[in-house]
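# Analysis of the macromolecular model
Here's the letter readout for the chains.
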Amino acid sequence: MNYRATACLSAKAIGSAPYLDLSDLARRPMPASVRGAVLCSVPQQPTEPIRAVWDTAQEPEPLRPGAILLSWKPGCGGRVDVTARLGLAATTVVLATWPNLNSDWPLIVHPTLYEVAGLHAALTVATDALRLANHLASS
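So, a few notes on the structure that sits alongside this text. As the structure is a prediction and not an experimental result, all values here were calculated from the model. (Residues numbered from 1 in each chain as written. Predicted model: local features only at pLDDT ≥ 70, side-chain atom pairs only at ≥ 80, totals over all residues. Heavy atoms only, no water.)

## Some points on the overall build of the protein
Note the cut-off: Here a strand is any run of E in DSSP of at least two residues, a helix any run of H or I of at least four, and the numbering for each starts at the N terminus. Residue exposure (1.4 Å probe, protein chains only): buried if accessible area is under 20% of the type maximum, exposed if over 50%, otherwise partly exposed. Whether two residues are in contact is decided by their heavy atoms: any pair within 4.5 Å suffices.
Within the protein one finds three helices and six strands. What you see in the protein, going N to C, is helices and strands ordered as α-β-α-β-β-β-β-β-α. Across the 139 residues in the protein, those meeting the buried criterion constitute 36%. Across the protein, every contact between residues at least 6 apart in sequence was considered, and the portion connecting residues at least 24 apart equals 52%.

## With respect to helix α3 (residues 105-138)
The criterion, for reference: Multiplying one less than the number of residues by 1.5 Å gives the expected span of a helix. Here the bend at each residue means the angle between axes fitted to two seven-residue stretches, the one ending at that residue and the one beginning there.
With 34 residues, α3 extends 49 Å from end C-alpha to end C-alpha; this agrees with the ideal 50 Å at 1.5 Å per step. Along α3, the sharpest kink reaches roughly 35°, centred on Pro-111. All of the buried residues along α3 are Trp-105, Pro-106, Val-109, His-110, Leu-113, Val-116, Ala-117 and His-120.

## Structural notes on the packing of aromatic side chains
The test is simple: Only centres within 6.5 Å qualify two rings of Phe, Tyr or Trp (six-membered ring in Trp) as a pair; their planes then separate them into stacked at under 30 degrees, edge-to-face at over 60, and tilted for everything else.
What the rule picks out here adds up to two aromatic pairs. Pairing Trp-72 with Trp-105 gives two aromatic rings, centres 5.1 Å apart and planes at 55°, and the pair type is tilted. Separated by 33 residues along the polypeptide, Trp-72 in strand β4 (residues 68-74) and Trp-105 in helix α3 bring together distant segments of the chain. On the accessibility criterion, Trp-72 (6% relative accessible area) is buried. One aromatic cluster in this structure is built from Trp-54, Trp-72 and Trp-105.

## A word on the pattern of salt bridges
For side chains bearing opposite charge, pairing can occur when the charged atoms are close. The condition that has to hold: Any carboxyl oxygen of Asp or Glu that lies within 4 Å of a side-chain nitrogen of Lys or Arg is treated as forming a salt bridge with it.
In total, this model carries three salt bridges according to the counting rule given. Among the salt bridges present, the one from Asp-55 reaches Arg-35, with a minimum N-O distance of 2.7 Å. Of this pair, Asp-55 sits in strand β3 (residues 51-55) while Arg-35 sits in the loop between α2 (22-25) and β2 (36-41), and the two are 20 residues apart along the sequence. Its relative accessible area of 1% is what places Asp-55 among the buried residues. Across the pair Asp-128 and Arg-131 runs a salt bridge whose closest N-O atoms are separated by 3.5 Å.

## Structural notes on the nonpolar core
Selection criterion: The set of buried Ala, Val, Leu, Ile, Met, Phe, Trp, Tyr and Cys residues whose side-chain atoms join them within 4.5 Å is what this entry labels a nonpolar core.
Counting 25 residues, the largest nonpolar core has Leu-22, Leu-39, Leu-70, Trp-72, Trp-105 and Leu-113 as the members making the most contacts within it. Elements that contribute at least two residues to this core include exactly α2, β2, β3, β4, β5 (80-87), β6 (92-101) and α3. Ignoring sequence-local partners within four residues, the contact set of Trp-72 consists of Leu-22, Leu-25, Ala-26, Arg-28, Pro-29, Met-30, Ala-37, Trp-54, Val-80, Asp-81, Val-82 and Trp-105.

See below:
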């Protein structure tokens, strides 16, 4: 699933590449200047890289519909607590939390992210089809 991220990006925070491999980002703490990583693509296979960009928005602004923002912080015993947020039409909701994950946590969260991205894409298509059918019926 591919998305166009509309997050505020910082060249300093993301380096020279526009999209980064989440597994590379996940090995270290999030920079203080970001609120998380917005996913740009969630591949079907968990062994393929999940692409992301840092979100440097200072204010907690809503995510665009379908966008997934991951944030993580140190947990107990060198592990990591991960939170995923999902942008919906009217708000941003907590999608999932995973406490005390080890350093390979992108592999652990992949199935949930892939399923939610696919579900949101399917619902978007169905909603657009319904709007079109209603428009055509009223014409």
